[in-house]
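# Survey of secondary and tertiary structure
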Amino acid sequence: MAELGMRVVSAAVVKTALQGLGYPALIQAMEVAFKEFSSKQVDQPVRGVTNVAPVDGYFGTMPAYSPAAGLGIKMVSFFPQNNPSQVPTHQAIIALFDPQTGTPKVLMDGEHITEWRTAAASAAATKLFANGFDKLTILGAGVQAQSHALALAAVTDSWKEICIWNRNAARGQKLVEALQAAGVAAEAVTFEADLDTAVTNSDVIVTATSASEPVLGRSNLKSGVHINAVGACRPTWRELDDSIMQASKVFVDSRDAAIVESGDIILSKCQIEAEVGEVLEQQSEQQYRSEMTVFKSLGMAIEDVIAAKLVQDWIETHD
């Protein structure tokens, strides 16, 4: 492979590039990815999944091509029994190929790209559907919880409160301290142990949990709340109960993926209102601002390919 000139990019270099790019650039890139996908400019199959039954894990393959973004694939493993303090539950690599010849050009660590592009995709949806930016509540205290706080703080500097809820109070408080140390743009960053109190008066909620059963119901939610549902990545897993899914306008990154991958959608039998890319193309977001909305995020290969291309370009200009 080295004879073909393939570059290998470490996690540390990818992280440096993402920090150099910043969340605004990633959010804009996800908007492009959404629009390209929904306008049929992307050739991308539904994620291939190989189950690793002995450890309840899976290995996913996510290839995509578009004339604008190029050609690439992400290979991702999800092993929920891992101890995150020792081995991440999600690990990934991304390969980019020359779309003219098929020659492998770059192999890069995918952990940070997954982290950043997932949060950036939620931020893009929040820009469309949020009806206010006073209180943001995040359920979870892991990597995605932290990246979502940072990405959504990049959307607006109007947050009066970013509230963290987690079943493990120590982990929740640790995230609060990390966000405060990072200088996240909010008047206050708090931890709340009671879920009902945490979500009360929230304008935007992020569910970034490892739950397989619903953790959030409709009670205590204000009308017009926007929810980014990031966890529950399997067809039998859920974060949101029927009372939310049936009452909300539900948006997805990909219809084809959502109806086979998302337990929140499959088990609630809710109707999908639109893909986010369709709303961006039609500029129809205003009609949803007063309604309860859910963005069910599953992640798309084109998001990874576009983000990886951004990273590759940044590295080449900073060599």
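Criteria and cut-off values
- Residues numbered from 1 in each chain as written.
- Predicted model: local features only at pLDDT ≥ 70, side-chain atom pairs only at ≥ 80, totals over all residues.
- Heavy atoms only, no water.
- 1 Å grid on protein atoms, 1.4 Å probe; cavity = no way out; pocket = protein on both sides within 12 Å on 5 of 7 lines; lining within 4 Å.
- Points joined across faces, edges and corners; volume = space filled by probe spheres on them.
- Helix = DSSP H or I, 4+ residues; strand = E, 2+ residues; numbered from the N terminus.
- Nonpolar A, V, L, I, M, F, W, Y, C, P; charged D, E, K, R; others polar.
- Axes fitted to C-alpha atoms, helices over the stretch in contact; angles between N-to-C directions.
- Parallel < 35°, antiparallel > 145°, perpendicular 65-115°, else oblique.
- Contact = heavy atoms within 4.5 Å.
- Pairing = 2+ DSSP bridges.
- Buried < 20%, exposed > 50% of the residue type's maximum accessible area, 1.4 Å probe, protein only.
- Phe/Tyr/Trp six-rings, centres within 6.5 Å; stacked < 30°, edge-to-face > 60°.

### A closer look at the layout of surface pockets
The space that makes up the second largest pocket amounts to roughly 240 Å³. Taken together, 18 residues form the lining of the second largest pocket, with Phe-37, Gln-44, Ser-254, Asp-256 and Ala-257 sitting closest to its centre. Looking at which element gives the most residues to the lining of the second largest pocket, the answer is helix H8 (residues 255–261), with 4 residues. Partitioning the lining of the second largest pocket into residue classes produces 8 nonpolar, 3 polar and 7 charged.

### Observations concerning the packing of helix H2 (residues 23–38) against helix H4 (residues 143–155)
Two numbers describe how H2 lies on H4: the axes approach to 9 Å, and their chain directions differ by 90°. Here H2 is positioned roughly perpendicular relative to H4, judged by the angle of their axes. Residue-level inspection shows Tyr-23, Pro-24 and Ile-27 of H2 in contact with H4, the latter providing Ser-147, Leu-150, Ala-151, Ala-154 and Val-155. Counted by class, the contact of H2 with H4 contains 7 nonpolar, 1 polar and no charged residues.

### As for the sheet that holds strand S13 (residues 272–275)
Taken in spatial order, the 8 strands of this open sheet run S9-S8-S7-S10-S11-S14-S12-S13, and their pairing is parallel. Since the sheet does not close on itself, it has two edges, and those belong to strand S9 (188–191) and S13, each with one partner. Recorded for the sheet is a direction-independent mean angle of 20° between the axes of neighbouring strands. Examined bridge by bridge, strand S12 (residues 249–252) and S13 share 3 bridges and lie parallel to one another. Its bridge partner lying in S13, Val-250 is registered against Ile-272. In this fold H4 packs onto strand S7 (135–139), strand S8 (161–165), strand S10 (204–207) and strand S11 (226–229), with an angle of close to 165° to the strand it touches most, S7. Strands in contact with helix H5 (residues 169–181) are S8 and S9; relative to S9, the strand with the most contacts, it is inclined by about 170°.

### Observations regarding the sheet that holds strand S2 (residues 48–52)
Judged by pairing direction, the sheet is mixed, and its 6 strands sit side by side in the order S1-S6-S5-S4-S3-S2 without closing on themselves. Two strands close off the open sheet at either side, each with one partner strand: strand S1 (7–9) and S2. Ignoring which end each strand starts from, the neighbouring axes of this sheet average 15° apart. Taken together, the 8 bridges between strand S4 (residues 70–78) and strand S5 (residues 90–97) define a ladder with antiparallel strand orientation. Each bridged residue has a counterpart across the sheet, and for Ile-73 the counterpart in S5 is Ala-95.

### Concerning the environment of Thr-317
In this structure, Thr-317 sits in helix H11 (residues 301–317). We classify Thr-317 as exposed; its relative accessible area is 60%. Along the sequence, Thr-317 and Ala-232 sit 85 residues apart, while their C-alpha atoms lie 38 Å from each other.

### With respect to the packing of aromatic side chains
Taken as a whole and assessed by the stated rule, the structure comprises 8 aromatic pairs. A ring pair is formed by Phe-129 and Phe-251, whose centres lie 4.1 Å apart and whose planes are at 20°; its orientation type is stacked. Remark: Phe-251 occurs in strand S12 and Phe-129 occurs in helix H3 (residues 111–129); sequence separation between them is 122 residues. Grouping residues by exposure puts Phe-129 and Phe-251 together as buried. One aromatic cluster is present, built from ring pairs that chain together Tyr-58, Phe-78 and Trp-237.

### Let's talk about unusual backbone geometry
For residues that are not glycine, phi is negative in most cases, and the peptide bond is trans in most cases. Within the chain, Ala-232 stands out as a residue other than glycine whose phi angle is a positive 50°. Locating Ala-232 in the fold gives a position in the loop between S11 and helix H7 (242–247). Residue classification places Ala-232 among the buried positions, given a relative accessible area of 3%. The residue Lys-269 is not glycine, and still its phi comes out positive at about 55°. Tracing the backbone shows Lys-269 in the loop between helix H9 (263–268) and S13.

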